[in-house]
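Here are the chains, one letter per residue:
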Amino acid sequence: MWRAQTEWAPVVVGIGVGVGVVSIGVAAAVATGWRPRSTWRVCGEADTGTRDQRLPNNASVHGLEGLIGNTPLVEIKSLSRLTGCTILAKAEHLNPGGSSKDRVALGIIEEAERSGALGPGGTIVEGTAGSTGISLALLARARGYKCSIYMPDDMATEKSDTLRLLGAEVVRLPAVSIVNSEHYCKVAERVAAELENGCFANQFENTANFLAHYRTTGPEIWRQTGGKLSAFVMAAGTGGTIAGVGAYLREQDPGIKVFLIDPPGSALFHKVESGVCYAPQQAERRLQRNRYDTITEGIGIDRLTANFELGLPHIGKAYQGTDQEAVHMAHFLLQHDGLFIGSSSAMNCVGAVKVARDLGPGHTIVTMLCDSGTRATSKVFNQEFLAARNMTATPPSDNLDFVS
């Protein structure tokens, strides 16, 4: 019933504060319709223990894996001041691979090794928009594996450049809907099936993704806030983070509210609000990236994944964000807080402001900084790119009026 996720993004490797050894397991079998065949396996299934391996401040860690997790929780001072709430963000972009996908990638690989799905010198194959791919490529280097990444060709070039630098084979494919047999995830699955000692990470449907955050990110947030938080909000792509963190936090305190912020065209807003996984853009009889177009990367989807489904009972409300709101937020936080973040992180912060307005002053709201601005220089921080899409970079004022 559990499955895992994978995605890539180009980053200058930024080693984060705090250390932790991730030992992510997966408890149960794959819930997709297909099953592994020959020597090809879905990475990441079956494990028992939970993770709580805090180390003393003066302790050393063992290799790249020891740098993953235990990222700091930072208050975003400008947003706190302007909303009257305490806005905290989990700095996942400080993981060595530059995103929270490090946690998931390590869990997938470790469980694949334990189960025998991935043998010495094997190949990890994944379809990803970027961040999970970078995490997999780094860990593949550290553990002696090969890595092949399939990604849509409308992703930022920084990501594919970084992946190649890290030693991964990168194949960019035309951006098409998931119903198309040439969708990058479907191609990756077929390639993995043809490899001997090949492992398809399958980040969207492998719930090792969910478990990575349920067993590590959620408990860290609970400890770092002392259990005193009102709400958690973020966007979803595979859905593993919001599902895992949301489920854990609400098990500790059912009074904690979990919210989704959804980018343009994604179907998850309507799934949460009305129970139907549909967006108006899906009525257009043409194939686009996920049947809609947004400059945000790694978030928004037009289908229900196994990971998101696990968190759905815990998500109480959804908000919609726009590309312009995300762009203005990214530039606003760079200007006022010195935080250089990417499109997904910016959209999460847009969501935090919307939640703060609804809840009112005095609440503590947690979100995620899941990507760095180094992965968004060709889009969010590119004036020509934005102008071509009738967007502006500089927020219209020093307040938060740009958030509707």
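Residues numbered from 1 in each chain as written. Predicted model: local features only at pLDDT ≥ 70, side-chain atom pairs only at ≥ 80, totals over all residues. Heavy atoms only, no water.

K.L.:
Report on the overall build of the protein chain, specifying residues and quantitative values.
P.N.:
Within the protein chain, the regular secondary structure consists of 12 helices and 11 strands. For the protein chain, buried positions account for 62% of its 404 residues. Taking the contacts inside the protein chain whose residues are at least 6 apart along the sequence as the reference set, 78% of them involve residues at least 24 apart. Accessible area of the protein chain: about 14600 Å², with a carbon and sulfur share of 52%. (Helix = DSSP H or I, 4+ residues; strand = E, 2+ residues; numbered from the N terminus. Buried < 20%, exposed > 50% of the residue type's maximum accessible area, 1.4 Å probe, protein only. Contact = heavy atoms within 4.5 Å. Areas by Shrake-Rupley, 256 points an atom, 1.4 Å probe, with all protein chains shown as cover.)

K.L.:
Describe empty space enclosed by the protein, listing the residues and the values that go with them.
P.N.:
Counted according to the given criterion, the structure contains 3 cavities of 30 Å³ or more. Its boundaries defined by the atoms lining it, the largest cavity holds a volume of some 320 Å³. Split by residue class, the lining of the largest cavity holds 10 nonpolar, 14 polar and 7 charged. (1 Å grid on protein atoms, 1.4 Å probe; cavity = no way out; pocket = protein on both sides within 12 Å on 5 of 7 lines; lining within 4 Å. Points joined across faces, edges and corners; volume = space filled by probe spheres on them. Nonpolar A, V, L, I, M, F, W, Y, C, P; charged D, E, K, R; others polar.)

K.L.:
Could you give an account of the pairing of strand β3 (residues 86-90), with specific residues and numbers?
P.N.:
The side chains of a regular strand alternate, residue by residue, between the two faces of the sheet. The buried fraction of β3 amounts to 4 of the 5 residues, a majority that puts the element mostly inside the structure. Bridge count between strand β2 (residues 73-75) and β3: 3 bridges; the pairing is antiparallel. Across the sheet, Val74 pairs through a bridge with Ala89, a residue of β3. Where β3 lies against strand β11 (residues 364-368), 5 bridges are found, and the strand directions are parallel. Bridge assignment links Ala89 to a residue of β11, and that residue is Thr367. (Pairing = 2+ DSSP bridges.)

K.L.:
So what's going on with the confidence of the model for the protein chain? Residues and values would help.
P.N.:
Averaged over every residue, the pLDDT of the protein chain is 84; residues scoring 70 or more account for 82%. Long-range and interchain partners of residues 46-52, a stretch whose pLDDT sits below 50, account for 26 contacts in this model, where long-range means more than four residues apart. Long-range and interchain partners of residues 284-291, a stretch whose pLDDT sits below 50, account for 21 contacts in this model, where long-range means more than four residues apart. (pLDDT = per-residue confidence, 0-100.)

K.L.:
Tell me about the sheet that holds β2, residues and numbers included.
P.N.:
Taken together, the 6 strands give an open sheet; going across it, the order is β2-β3-β11-β8-β9-β10, and neighbouring strands pair in mixed fashion. Lying at the two open borders of the sheet, with one neighbouring strand each, are β2 and β10 (315-320). Direction aside, the axes of adjacent strands within the sheet are offset by 25° on average. (Axes fitted to C-alpha atoms, helices over the stretch in contact; angles between N-to-C directions.)

K.L.:
Would you mind going over the pattern of salt bridges in detail, with residue names and values included?
P.N.:
Under the counting rule described, the total for this entry stands at 11 salt bridges. Ionic pairing is found between Glu111 and Arg114, a salt bridge with its closest N-O pair at 2.8 Å. Of the two residues, Glu111 and Arg114 both sit in helix α2 (residues 101-115), 3 residues apart, roughly one turn of that helix. Under the relative-accessibility criterion, Glu111 is labelled buried at 3%. (Salt bridge = Lys/Arg side-chain N within 4 Å of Asp/Glu carboxyl O.)

K.L.:
How would you explain the environment of Asp293 if you had to name every residue and give the values?
P.N.:
Mapped onto the elements of the fold, Asp293 is located in the loop between α8 (268-274) and α9 (306-311). Sequence spacing of Asp293 and Asp323 is 30 residues, and the spatial spacing of their C-alpha atoms is 9.8 Å.

K.L.:
Describe the packing of α2 against helix α6 (residues 208-224), listing the residues and the values that go with them.
P.N.:
Between α2 and α6, the least distance of the axes is 9 Å, while the angle of their chain directions is 125°. The angle between α2 and α6 places the two elements in the oblique class. Crossing hand, α2 versus α6: right-handed. Residues Arg103, Val104 and Ile108 of α2 form the contact with α6, whose own contacting residues are Ala208, Asn209, Ala212, His213, Thr216, Thr217 and Glu220. Taken together, the residues of the contact of α2 with α6 sort by class into 4 nonpolar, 4 polar and 2 charged. (Parallel < 35°, antiparallel > 145°, perpendicular 65-115°, else oblique. Left-handed = near helix turned anticlockwise from the far one by under 90°.)

K.L.:
Quick rundown of the packing of α2 against helix α3 (residues 131-143)? Include the residues and the values.
P.N.:
Two quantities define a packed helix pair, namely the angle between the axes and the distance from one axis to the other. The geometry of α2 relative to α3 is characterised by a closest axis approach of 8 Å and an angle of 50° between their N-to-C directions. Taken together, the axis directions place α2 and α3 in an arrangement best described as oblique. Of the two elements, α2 crosses α3, and the hand of that crossing is right-handed. Each of Lys101, Asp102, Ala105, Leu106, Ile109, Glu110 and Glu113 in α2 lies in contact with α3, whose residues at this interface are Ser131, Thr132, Ser135, Leu136, Leu139 and Arg143. For the contact of α2 with α3, the per-class residue count stands at 5 nonpolar, 3 polar and 5 charged.

K.L.:
Tell me about the packing of aromatic side chains, residues and numbers included.
P.N.:
Taken as a whole and judged by the stated rule, the model has 5 aromatic pairs. Their ring planes at 50° and their centres at 5.6 Å tell us that Phe332 and Phe402 sit as a pair that is tilted. Remark: Phe402 occurs in the segment after α12 (383-388) and Phe332 occurs in helix α10 (residues 323-337); sequence separation between them is 70 residues. Its end group placed over the ring of Phe204, Arg303 keeps NZ or CZ at 4.8 Å from the ring centre. Sitting over the face of the ring of Phe385, Arg389 holds its NZ or CZ atom 3.6 Å from the ring centroid. (Phe/Tyr/Trp six-rings, centres within 6.5 Å; stacked < 30°, edge-to-face > 60°. Lys NZ or Arg CZ within 6 Å of the ring centre and 35° of its normal.)

K.L.:
Describe unusual backbone geometry, naming the residues involved and giving the relevant values.
P.N.:
Positive phi, normally seen in glycine, also occurs at Asn197, with a value near 60°. Looking at where Asn197 falls in the secondary structure, it is placed in the loop between α5 (184-194) and β7 (198-200). With a phi angle near 60°, Asn390 is a residue other than glycine that sits in the positive phi range. Mapped onto the secondary structure, Asn390 falls in the segment after α12. Relative accessible area serves as the criterion here: at 73%, Asn390 is assigned to the exposed category.

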